[in-house]
Amino acid sequence: MQELSLKIEDLRGSDYERIVNRAEERVKEAILDAKISEARDVEVEVASFPIAVMLVVATADLPLKRRYALSEAKRVSSLLRNENEEKIMEIAGNFKWKIKPAEIDMPYAFALDFTDFLRNSTVLRESKWKLVNRLVLKGEVYLTLYEAARLLEEEVRRHVEERLDTKVDTLPEELTRRMERLKLLWAEKRGQRQFGELPKDVVNAAFPPCIRSLYDAAKAGRRLSHIGRFSLTTFLVNIGMSVDEVVDLFRNVADFNERMTRYQVEHIAGEKGSRTKYIPPRCDTLRTHGVCPGMDETCKRVRHPLAYYRRRIRAVRRKAPAEQK
Amino acid sequence: MSSASSLNFIQRKFAEYYKEHRSEIQPPPAVEKREFGFLMFKEKMMIRHKSFKDMDEFASFVKRVTPSNVYYSSAYYEQPAAEMDEKGWLGADLIFDIDADHMPTPCGKIHDRWVCGNCGMAGKGPKPEKCPACGGQKFDEKTWPCEVCLSTTKEEARKLIDLLTEDFGLSPKEVRVFFSGHRGYHVQVESEQIRLLDSLARREIVDYVLGLGLDAGFHGLEYTGTKRLQLQAGPSLSDPGWNGRIAKGTRAFLLNASRQELEQIGLKKNTVNLILKSKDVLLKGWEKQGPWLAVKGIGVGSWRKIVEKAIETQSSKIDTVVTTDVHRLIRLAGTLHGKTGLTKTEIPISDLEHFDPFRDAVAFKKGAVTVFVSEAPKFRVENEVYGPIENRKVELPTAAALLLLCKGLAETAGAK
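Computed from a prediction, not measured in an experiment: that's the story for all the values here.

Caption draft 1: Looking closely at the confidence of the model for chain B. The predicted model of chain B averages 91 in pLDDT, with 96% of residues at 70 or higher. Predicted complex metrics record ipTM = 0.90 and pTM = 0.82.

Spelled out as structure tokens, the structure:
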């Protein structure tokens, strides 16, 4: 950040206005479209990026940071898709990827070190990104040009997110004004998005199959595996169940120990210890550890038990007003 | 449960071992960045969050407390002795645990015993999910490391090593294999390359090793775009990665499949008849493109079911939790296993086939001990076969006696 502020002082020239305008515009585009437009003036484009980063950091708003990182990544990836193999190799090289042209006679353009692949693939959802569905040979994962570009987009997103993961103490007055403007815009945009808050009461009917079966097992006093217990507790705490209610749920289990259970639930709820509120593992993790009892229709559209819950709640809500009539 | 005098005796023997074999305990790389944990004989509790700057410091600690089991973290920490939240995670080795507890074995584990912690009902074989008498779910288990269990896990380790070297390109030098000291094998990768992989990335590796989430459509088993329900081609034996494994597994399955087995995987009667009738044609198919197109009437749906079976034979049955946990404590090589008195022993990969846990992991090679054996199956230590023994006082070589004592199948009856 020190470095950046020095640069800002230097910028008080004729280009200053254009650069800062473009910086604000970048963030604005991220807020409104989740996508940043193509560059017109390359110099302005390069110079405005660190300032845009600074504006976003100054908002200290995590969802906005994520959205901005994603938007920048999308910009890069749409640029990359029109590039040839050398250019992709060059950019991948900037991120220290171990990548080389594919030497086997297959529809692939690149062979990428499996650790570089995994670092960027695990957030991608389609089954073609699962390592087990790739050609993996001697430590390298084979990719088409398009797939390499998609993974680079992820790399950029993480990279920008890392740059945003900091704090800024003081911002020049003019930038503060712009930042406040952006914050307002973001609040408006979010206001539109936030009609779907979770209800205060727990809606059992909206539980995904995994949680349903864990919940029923706990109620019936059956012992759950460690990961089963963790998944159930994190889920319930996150949809608004109180620590007391969760502890009560485990009361029928044969080796129930109130003190221990309470301690663990409080920990998970973020009321003790590190103060982190934990969330349940993702669907594919639950599958790996054998917690997933099999998917229903809604499961196919989500990758997280909490997303399932939210989706079902929305479906119930859409129905409810109609029924009242 | 062993009596106090038996526990005393085991602990004394363990102390002797650690005194004489200090140099055989190799430190893990970057020993000063590791957390150590010790399971204690009497208190049955774990001492955690210990750290040592070198093996001298480690040895004098072990001498002072003589633990029943010694563990260290697969993770590297800035401050290994700090509380979990303040340790400062720097990375972790990639570890795999293959344990007979987590897989079916041909022996059916008839040698294992369980006792319900609630009503005291006892039974043979793996513990049930629920006690048939009272529905209780807590059991005292007595497991036994039989030779079938051990060779089953060894085969799983062999498949894992093949996956790690062929597919993941790890050199045999980077992949270390150990006998766990009980009923399985540990495979550990300590190279820099994998150290920073997070838990999600490790889970992808686990799924790869298990063949979990594998969609045969990505491995060559697919329709052509033009003709409906017409297979394009399938994987062949020489293909790399899972393609080749699917081919190999499919061949092995078809070679020996009985009517019953084919029906068991959910194939229709007509398809089963067709497969049995055309076995020769199918197997001959491997000379060219594989069996996928060799016989009309076996559709993609049927092939997928067969491929699932193929995956099962080619995957390695690792414990999923161990590999994905980036803070795991694992047994230190060269230390004793409290359930057997055998050591966790490193095995050069090329020697794995001939490795014999009851010869190569034996820690106590001298002396004999008289013990009172309540119940012991037939077993072997080094070249001697013992048992079955029931309610009898016998003199056994130290290693054999300790195995029974550690397992709680015998009590001391005056040591020599």
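Caption draft 2: Region of interest: the nonpolar core. Among the nonpolar cores identified, the biggest contains 165 residues, and Tyr68 of chain A together with Phe58 and Ile205 of chain B are the most heavily contacted of them. For this core, the leading source of residues is helix α3 (residues 42-59) of chain A, giving 10 residues. Not counting residues within four places of it along the chain, the set of residues in contact with Phe58 of chain B comprises Ile25, Phe36, Phe38, Phe52, Val70 and Leu332 of chain B.

Caption draft 3: The arrangement of the domain arrangement of chain A in detail. All names here are of chain A. Each assigned domain of chain A is listed here: domain 1 (8-77 + 160-190), domain 2 (80-153) and domain 3 (204-324). Computed from C-alpha coordinates alone, the two centres of domain 2 and domain 3 are separated by 36 Å. With 4 residues of domain 2 in contact, the opposing surface of domain 3 contributes 5 residues. The junction of domain 2 with domain 3 conceals about 330 Å² of combined surface from both sides, 26% of it contributed by carbon and sulfur atoms. The tally of links from domain 2 across to domain 3 stands at 0 salt bridges. One can count 5 residue pairs in polar contact (both at pLDDT 80 or more) joining domain 2 with domain 3. In terms of residue class, the side of domain 2 that touches domain 3 is made up of 2 nonpolar, 1 polar and 1 charged.

Caption draft 4: The side chain of Glu140 of chain A, seen in detail. In this fold, Glu140 of chain A is placed in strand β4 (residues 140-143). With relative accessibility at 15%, the residue Glu140 of chain A sits in the buried group.

Caption draft 5: Fine view of the packing of aromatic side chains. Residues and elements named next belong to chain A. Applying the stated criterion to the full structure yields 30 aromatic pairs over all chains. Ring centres of Phe230 and Tyr278 lie 6.1 Å apart, and the angle between their planes is 70°; on these two criteria the pair is classed as edge-to-face. Placement of Phe230 in helix α10 (residues 226-238) and of Tyr278 in the loop between α12 (258-268) and α13 (283-288) is noted, with a sequence separation of 48 residues between them. For Phe230, a relative accessible area of 24% translates into the label partly exposed.

Caption draft 6: Local environment of the interface of chain A and chain B. Between chain A and chain B, the residue contacts involve 31 residues of the former and 33 residues of the latter. Between the two partners, chain A and chain B, sit 4 salt bridges. When the shortest N-O distance is used, the salt bridge between Lys130 of chain A and Asp207 of chain B registers 2.7 Å. At the boundary of chain A with chain B, the tally comes to 17 residue pairs in polar contact (both at pLDDT 80 or more).

Rules used throughout
- Residues numbered from 1 in each chain as written.
- Chains lettered and ligands numbered in written order.
- Predicted model: local features only at pLDDT ≥ 70, side-chain atom pairs only at ≥ 80, totals over all residues.
- Heavy atoms only, no water.
- pLDDT = per-residue confidence, 0-100.
- Core = buried A, V, L, I, M, F, W, Y, C linked by side-chain atoms within 4.5 Å.
- Buried < 20%, exposed > 50% of the residue type's maximum accessible area, 1.4 Å probe, protein only.
- Helix = DSSP H or I, 4+ residues; strand = E, 2+ residues; numbered from the N terminus.
- Contact = heavy atoms within 4.5 Å.
- Domains from an automatic or database assignment.
- Buried area = accessible area lost by both parts, 1.4 Å probe.
- Salt bridge = Lys/Arg side-chain N within 4 Å of Asp/Glu carboxyl O.
- Polar contact = N/O pair within 3.5 Å; in protein donor to acceptor, adjacent residues only side chain to side chain.
- Nonpolar A, V, L, I, M, F, W, Y, C, P; charged D, E, K, R; others polar.
- Phe/Tyr/Trp six-rings, centres within 6.5 Å; stacked < 30°, edge-to-face > 60°.

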